[in-house]
Amino acid sequence: MGDNENFSSDFTPDFNPSEASSGVDFSRAKRLNTTGSTCDAYVTELKHRKVFVKRLKEKYRNSARHRAAFEKEYEIGVGLSHPALPVYIDFQGDYIVMNYIDGRTLAEMLATEDEWLADGKNAAKVIEQLLEVLEYLHRKGVIHCDIKSDNVLLTYAGNNVALVDLDKVYTSHLADTSGSAIKYGLAETDKRNTDIDFAGLGLIAGHLAEKVKSAAVKKRIARFSKECKKPGVTAEELKTILLAGSSSAREERRGRKNDEGRRYYRLLILIFVGCLAIVFIGFFVKLRNEQTESVSTEPIPVITDSVPGKIKDIPAAETTAETSAPVEAAVSKTAQQSAKLDRELKAHFKPLLEYVENTMRQYENCELDEAQQRQSVTIITERYLDLLHDSYGICRNLYPDISPTEAQLKVADSPVFISLTKKVEEATRRLSGRIPD
């Protein structure tokens, strides 16, 4: 597009260039009032789509130099694909067809004191989108060489940036360019350097800073504008300056801190609950053992034949032969149930035991960083508590007549569970750094 062409557009990335390989009927095209020094601008329809047409003025149409410049612009433009760049659809010697972008130039908005630009968030959005499209062009080996507010459009739908006018670009495979670095305060040779584009962006940022009402944003954009003029500055450096101190950056940092804090406290709670569960089970195991010892040592009172009504204390082992058979059968059944419980608990807890052992091997081999260690503690604790809760149901299936408390005690007495608990406790303490290796 020419030096001061204002064309507006809505993005039409789904436009198929192959559909437009026919001539434009200029008798039906609408000529725009604002044109460039060498080109006229038109809006028309092609294949039922609204398009923008850039055509050489009549006096330049037979000029080989101007037609070659047109061809150069099309060659570069057709090889680019970015939401903030026009879509080059067709080239017919003295005119180029592009998608129509429905918007207005940034120059117009600056001149009319547009309130939208007074919002620091919006001004920063314009700069950020311009920086992104420049970063894209530079990756493609293309330097625009004419970054100014006249060549920046903001769409009516969404106020998104569109960068137009590629007629002055520099690229290594088409070295001839009419871009002028001098007007940006640079040496003429800088038109082959990305500095020229960043210098132009800095000028735009300076104009936007003047319109912004927020003192903090104004200061940040003004600093960005100054940095744009430094030789050798990169897009990444400029992006860091632009986002530094912005609300989005602060919110992102605050969000990361909050997430880390929540994860940390969840971990502490899980460890605390796990330790309580271990202490609780240990208490019941101890209580059960004390009860068992008390029962096993207490004499059994019996009534002797010699003295009616006389109670005699005899050891539990001195039971009669008549009662030993039922007792042995009961003991045998209890032992079978206990063995079956151990087998089922072993299978039930096996996945967690394997995870704990594998995690500790990785820990011993220094394969886990601090975050992975914390995550492992969380996983182990959560699985331990879930499996512990489910194990009570397994126990009550084997002993349907016992109470929930008795089921907990039986699980706590199981050698399988006692061994697992010791390994879980040691693993969580070591992984969380609460005991030395």
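Residues numbered from 1 in each chain as written. Predicted model: local features only at pLDDT ≥ 70, side-chain atom pairs only at ≥ 80, totals over all residues. Heavy atoms only, no water.

Bringing the overall build of the chain into the picture now. Scanning the chain from N- to C-terminus turns up twelve helices and twelve strands. Residues counted as buried form 43% of the 437 residues belonging to the chain. In the chain, the proportion of contacts linking residues at least 24 apart, taken out of those at least 6 apart, comes to 65%. Total accessible area on the chain stands at roughly 24,100 Å², and carbon and sulfur atoms take up 52% of it. (Helix = DSSP H or I, 4+ residues; strand = E, 2+ residues; numbered from the N terminus. Buried < 20%, exposed > 50% of the residue type's maximum accessible area, 1.4 Å probe, protein only. Contact = heavy atoms within 4.5 Å. Areas by Shrake-Rupley, 256 points an atom, 1.4 Å probe, with all protein chains shown as cover.)

Attention shifts here to the nonpolar core. Within soluble globular proteins, side chains that are nonpolar generally end up buried alongside one another. Ranked by size, the top nonpolar core spans 54 residues in total, and within it Leu106, Leu130, Leu163, Leu208 and Phe224 carry the most contacts. It is helix α4 (residues 120-139) that provides the largest number of residues to this core, a total of nine residues. Apart from the residues within four sequence positions on either side, Phe224 is in contact with Ile127, Leu131, Leu201, Ala205, Leu238, Ile241 and Leu242. In terms of nonpolar packing, the next biggest core, distinct from the first, is built from 26 residues, Tyr384, Tyr399, Ala407 and Phe417 among them. (Core = buried A, V, L, I, M, F, W, Y, C linked by side-chain atoms within 4.5 Å.)

Side-chain alternation along strand β8 (residues 152-155) places Val152 and Leu154 on one buried face and Leu153 and Thr155 on a second face that is also buried. In this structure, strand β6 (residues 103-105) lies alongside β8, joined through three bridges in antiparallel fashion. By the bridge assignment for β8, Arg104 is matched with Leu154. Two strands pair when backbone bridges link them, and β8 and strand β9 (residues 161-163) are joined in this way by three bridges, in the antiparallel orientation. Looking at the pairing, Val152 lines up with Leu163 of β9. Between β8 and β9, which pair antiparallel one after the other, the connecting turn spans five residues, and Gly158 there sits at a positive phi close to 95°. (Pairing = 2+ DSSP bridges.)

Below, the discussion takes up the environment of Lys423. Inspection of the secondary structure assignment puts Lys423 in helix α12 (residues 415-431). In the structure, Lys423 is positioned 70 residues away from Leu353 in sequence and 8.1 Å away in space, judged by C-alpha atoms. Here the side chain of Lys423 touches Glu357 through a polar contact of 3.2 Å, side chain to side chain. (Polar contact = N/O pair within 3.5 Å; in protein donor to acceptor, adjacent residues only side chain to side chain.)

Bringing the confidence of the model for the chain into the picture now. Taken over all residues, the pLDDT of the chain has a mean of 78, while the share at 70 or more is 68%. Note on residues 1-21: pLDDT is under 50 here. Beyond four places in sequence and across chains, it has 85 contacts. Between residues 247-253, whose pLDDT stays under 50, and residues either more than four places distant or in other chains, the model counts two contacts. (pLDDT = per-residue confidence, 0-100.)

Whenever strands of a sheet pair, they do so through backbone hydrogen bonds, lying parallel or antiparallel. Here we have three strands laid out as an open sheet, ordered β6-β8-β9, and antiparallel in their pairing. Both outer strands of the open sheet, β6 and β9, are each paired with one neighbouring strand and no more. Direction aside, neighbouring strands of the sheet carry axes that sit 30° apart on average. Each of β8 and β9 touches α4; the most contacted strand, β9, lies at about 40° to it. (Axes fitted to C-alpha atoms, helices over the stretch in contact; angles between N-to-C directions.)

Our next topic: the sheet that holds strand β2 (residues 39-46). Strand order in the open sheet made by the five strands is β1-β2-β3-β5-β4, with antiparallel pairing throughout. Either end of the sheet is taken by a strand with one partner, and the two such strands are β1 (30-31) and β4 (88-91). Pairing between β2 and strand β3 (residues 49-56): eight bridges, direction antiparallel. Across the sheet, Tyr42 pairs through a bridge with Val53, a residue of β3. Along the sheet, helix α1 (residues 64-78) contacts β2, β3, β4 and β5 (95-99); its crossing angle with β4, the most-contacted strand, is approximately 145°.

The next thing to look at is the side chain of Gln373. Structurally, the position occupied by Gln373 is in helix α10 (residues 370-398). A polar contact of 3.0 Å, which involves the side chain of Gln373, links it to the backbone oxygen of Leu431. Contact partners of Gln373, with chain neighbours within four places excluded, come to Tyr363, Leu368 and Leu431.

Position of Val87 relative to the elements: it lies in the loop between α1 and β4. The class for Val87 is partly exposed, based on a relative accessible area of 23%. Between the C-alpha atom of Val87 and that of Phe52, which follows or precedes it by 35 residues, the distance is 10.0 Å.

As a further point, take the pairing of β3. Most of β3 is tucked away, with six of its eight residues classed as buried. From the end of β2 to the start of β3, which pair antiparallel, there are two residues, and Lys47 there has a positive phi angle of about 55°. Alignment of β3 against β5, held across five bridges, turns out to be antiparallel. Each bridged residue has a counterpart across the sheet, and for Lys54 the counterpart in β5 is Ile96.

What follows is about α4. Its 20 residues give α4 an end-to-end C-alpha distance of 29 Å, which sits within 8% of 28 Å, the value for a rise of 1.5 Å per residue. Burial analysis of α4 places 15 of its 20 residues in the buried class, the great majority of the element. Two or three places before Lys121, at the start of α4, stands the capping residue Asp119, its side-chain oxygen 2.9 Å from that residue's backbone nitrogen. Just downstream of α4 lies Gly141, where phi reads positive at about 80°. (Expected span 1.5 Å × (residues − 1).)

It is worth spelling out the packing of aromatic side chains at this point. Going through the model one piece at a time under the given rule, you end up with six aromatic pairs. Taken together, a centroid distance of 5.1 Å and an interplanar angle of 80° make the contact between Phe26 and Tyr95 edge-to-face. Of this pair, Phe26 sits in the segment before β1 while Tyr95 sits in strand β5; the two residues are 69 residues apart in sequence, bridging distant segments of the chain. You'll find Phe26 and Tyr95 in the same group, each marked buried. (Phe/Tyr/Trp six-rings, centres within 6.5 Å; stacked < 30°, edge-to-face > 60°.)

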